Every structure is written in structure tokens, then in C-alpha cells.
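Close look at the chain arrangement
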Amino acid sequence: MTIDLAGLIDDRPEEGIFRVNRAIFREPDIFDLEIRHIFEGGWVFLGLASQAPAPHDFFTTEAGRVPILIMRDGEGQLRAFVNSCPHKGAQIAQMRAGNARMHVCPYHSWSFDSAGRNRGIKWQRAGCYAEAFDRSDHGLARLPHFEEYRGFLFGSLAADVPTLAQHLGGVARFLDFVVGQPEAGVELVPGAVAFTYDANWKLQLENCSDAYHFTSAHPSYIRIMERRQKGEGAVAVRSIWEQSQAWSESAEGVQGGSYSFEHGHVLNWGRIGVADSHPLYESAEAIAARHGEAGRDWVFNMRNLTIFPNLQIAENASSQLRVIQPLAPGRTLMRTWCLAPKGESAGARRQRIRQYEDFFNPSGMATPDDTVAYESCQRGHAGRVDPWLQGYARGMTASREGGNLLSDAIGASPIRSVLADSQLCDETLYHNYYREWARRMALAMEVGPA
Ligand code: FES
Ligand SMILES: [Fe+2]
């Protein structure tokens, strides 16, 4: 391995310089290290507890390249396993989700219960096994770490990691506000969407935090929104953004900003206010009773949250949960869902879904614009003549250590923050991604390639 990883992120804050080398989006050796040491070597998001609500429910997902099976046992406990038979490795569960007291491996019929215990080895007595085989555990391999925070399930394939609370740190405060976090919890609206794009996973990572591209890359959405406001649209979907406003009560003219948290997590946000175009409008009082007025205001803000490295929750035009799965340096699989509070009224749910279809669906007016842009960037990253990208400089003189009065109001504790008007479009929040990326990759180089 001959990669000079330390030289690929040019991070010199005292000189006002932060640049990223295009190689990190392109090189297979770098990609292998990312998969092994970030996606398979630390905490990743695996799913929601509400994806397996009843005893014996299960769902499958991936951590890096590793297939994962999450099951709720007969007593209601959730556990996460590598979805691979201890006999010869076949995947035990073949479907994305279901309910099964017993899983029978399709290859040689070893069987496992919903707690992952081995319940049967075909023709065991006739098998002339040695004692050593009988003494060993034939159950499914559990993930070394698997924890839940407010219905969000995270796991790690590596044993040597901090606790989930340490990994999330200050960003956990913003999981408290996702779709208002009702007592009943959050759920995925039926109808998962999976799509691939031909570009690196970090382009999606960045785009969720990229306010700068919105008016440039999504003009069709903006024009249609304008026409609808004039009553010209054929479909009457109201946009939440119609009602955005400055946060004049507490910070004159502030329209948004960003927060950076330990371990690469970031939030960018914009002021909306308690707007009646928002599906949570009917729940505003209940939300204030649960979270306080400052918390309610945060629930109604547009918030794009990234929990490094693979979870993004975009609450802007509607509410979307995204899971990023890198497949190759230039290929990424996205799984996306509409995220909603359990128990919301039929009217609110309808509005949420209509707004979702408008903007987030692959057939909507935003997602294709973004993926086409990623693929365009990826082709451009083949260029080595000037390898340094300049897209990390906006906001350099606005970025402050620690939080501000708006994060203080809810007891959130970011490590850096920016307050912004609508045109600042902070790019310093990406620094947080790449400082964590560089830290993790430096650890990877210490350990060496697998
Ligand atoms: S691989 Fe599962 S029983 Fe053989
Ligand atoms: Fe976009």
C-alpha cells in the first residue's frame, strides 16, 4: 500500500485553507480501506426498531459488504447477526423483511430460531461428528455491538469501538427531534426505494449538507413551486418552503446555519417556523408540550442531518431517511424511505407523502438532478492536472468554535457552528466529514490492510 493518505486532505485552518484531493473519490485502494475500516470497522446505522415491531419479525441489511440479519425474538428482544450460516456461509434470510420463528438455511437445512440459536443440524446423529464439533456453538454470529437510540438501531462489526452514546455524542440531541419524535416513535412509510448511481459515496454524503446547489441544480422544482403559488399548477401540493422565515425573534436575520459534531456528524438547517404547510402542524402543541417551545421550533426547521458514515435524515420538502451503501469507488447504492411519526392523522400522512413524491422520489423533481450531478463530478474527478477541489471554502470566516444561542436553547453541544443568511451556504461543515475520515483512515493505516 503506497497511498499518502495524510496528503489528500489539505487542512490548514490557521491559513484559511481546506482542500480535498480528487483521488479520495476515485482510487480503489482508498475505497478498500474505507469499506474495511469505516463501514466494517465502526458504528453504522442498521435500521429502525419499528422495522421489526412484533415477536419473530426480522429484516436484513448490510454493514459494508457484510449481510446483516436483525431479528426480534419471542420475548421481544432485538438482536443483530451476520446473515451467514456457520456451516458453509450461505445467507440464512433471503428477504428484506418478514416474520419467522425459525429460519432454515436453504443450502443444507441447518435451522435457527429468532434468537439466533441453532435448533437443528440435519442428520446430526448420523454425521459422525467429533466431540470438538459438538462442543462448539452452532448459532449465528452476533454483532459485537448493537444498540438503539430513540428507535434508531446502530451496530458495529468491530469490537474495539466507543459506546454508541460516545459515537453519537452531541448529535443525539437532533435525533430527539426527528419528525417530532412522538411517544409512539418513528416509522418508515411502506414503499422502500433503492437506486444506484455511478459515483463515489462521499458525493451523497456531501450533497445532503450542500445548500449551495439548491437553486442551481433544482430549477424545475423551484419554477413549479412558483407556478403553484400563482395557482397555475395542475397538482395542489403545498411546499413547506413557501413559508420559510428569518429567525428574527432570537437572532436578527438568521435564516439557517450548520453544526458540526464529534465523529463526523453534521447538521445544516434553515428556519421555517410553525408553518401550516407542514404535516406536523396539527401536532405543534403536543410537540411543544413534549420538547418545549425551542424544541418545537427545531422540529419545524428544515434539518438535514448526517450521522457519519451512512445515515442521512433530510427533513426539508418532506421527511426522508437515506442509507448510503458504497459498492465500488464509482458506484453507490442508496436505500431511501419516507420517514414519519407513528400515529399521525391520515390527512397529515397524505400531505407528507405528496410532498415526498414531489421532491424525493426517484420520479420526483430533486433526486435525479442530484445523482446526475454526482456522476458528472465523478467523471471530472478523473482529472489529475489540478487535483485540488475548492468546494470547501465558503463560510471559513463565519465558522465558530462551539454552539450558539439556538443550540444553547435546546442544550445541544456542537463542536463548531455557523449562523447564516440564505446565500452563505456554508461549506465548512464538510471539514467535519473529512477530519473524521482522515482520523479513521489514519487508524486504518496503523492497522494495515486486511
Ligand atoms: S450453508 Fe447453511 S446449512 Fe450448509
Ligand atoms: Fe439536491
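Residues numbered from 1 in each chain as written. Chains lettered and ligands numbered in written order. Predicted model: local features only at pLDDT ≥ 70, side-chain atom pairs only at ≥ 80, totals over all residues. Heavy atoms only, no water.

1. A word on the sheet that holds strand β8 (residues 102–104)
Two strands in a sheet stick together by hydrogen bonds in their backbones, pointing the same way (parallel) or opposite ways (antiparallel). Where we set the bar: Following DSSP output, two strands are said to pair if at least two bridges run between them. Starting at the N terminus, helices and strands are each numbered in turn, a helix being any DSSP run of H or I of at least four residues and a strand any DSSP run of E of at least two. Where helices are involved, their axes are fitted lines through C-alpha atoms of the stretch in contact, as for all axes, and angles between N-to-C directions lie from 0 to 180°.
With respect to topology, three strands assemble into an open sheet ordered β8-β9-β10, the strand pairing being antiparallel. This sheet does not close on itself; its edge strands, each paired only once, are β8 and β10 (118–120). Strand-to-strand twist across the sheet, computed as the mean angle between neighbouring axes with direction ignored, equals 35°. Of the pairings in the sheet, the one linking strand β9 (residues 111–113) to β10 comprises two bridges and is antiparallel in character. Residue pairing across strands places S111 opposite G120, the latter belonging to β10.

2. Digging into the domain arrangement of the chain
Many analyses report the size of an interface as the accessible area lost when the parts associate. To be explicit about the condition: The split into domains, and so the bounds of each, comes from an automatic or database assignment of domains. We call two residues contacting when some pair of their heavy atoms lies within 4.5 Å. Simply put, the buried area is the total loss of 1.4 Å probe accessible area from both parts when two parts are fitted together.
Partitioning the chain into domains gives domain 1 (47–146) and domain 2 (169–447). One C-alpha centre belongs to domain 1, the other to domain 2; they are set 35 Å apart. Facing the six residues of domain 1 at the interface are nine residues of domain 2. Across the interface of domain 1 and domain 2, roughly 560 Å² is buried in total on both sides, 55% from carbon and sulfur atoms.

3. Here we look at the pairing of strand β17 (residues 302–307)
Inclusion rule: For the exposure calls, accessible area comes from a 1.4 Å probe over protein chains only, and a residue counts as buried if that area is under 20% of its type's maximum, exposed if over 50%, partly exposed in between.
For β17, the buried fraction is high: six of the six residues fall into the buried class. Residues M302, N304 and T306 point to one face of β17 and R303, L305 and I307 to the other, with burial holding for every one of them. Both strand β16 (residues 266–270) and β17 contribute to a ladder of five bridges, which runs antiparallel. Residue V266 lies in a different strand from β17, and its bridge partner there is T306. Relative to strand β18 (residues 311–315), β17 runs antiparallel, the two sharing five bridges. Its bridge partner being in β18, I307 is matched across the sheet by L311. Remark: three residues form the turn of the hairpin made by β17 and β18, two consecutive strands paired antiparallel.

4. Section: the nonpolar core
Our working definition: Note on terminology: a nonpolar core comprises buried Ala, Val, Leu, Ile, Met, Phe, Trp, Tyr and Cys residues joined through side-chain atoms within 4.5 Å.
Counting residues in each nonpolar core, the largest one holds 49 residues, and the members touching the most others are Y434 and W437. The dominant element in this core, judged by the number of residues it contributes, is helix α12 (residues 429–447), at seven residues. Summarising the domain contributions, this core has at least three residues from each of domain 1 (47–146) and domain 2 (169–447). Beyond its immediate chain neighbours, meaning those up to four positions away, Y434 contacts I9, F18, V20, I24, F25, K202, E206 and Y392.

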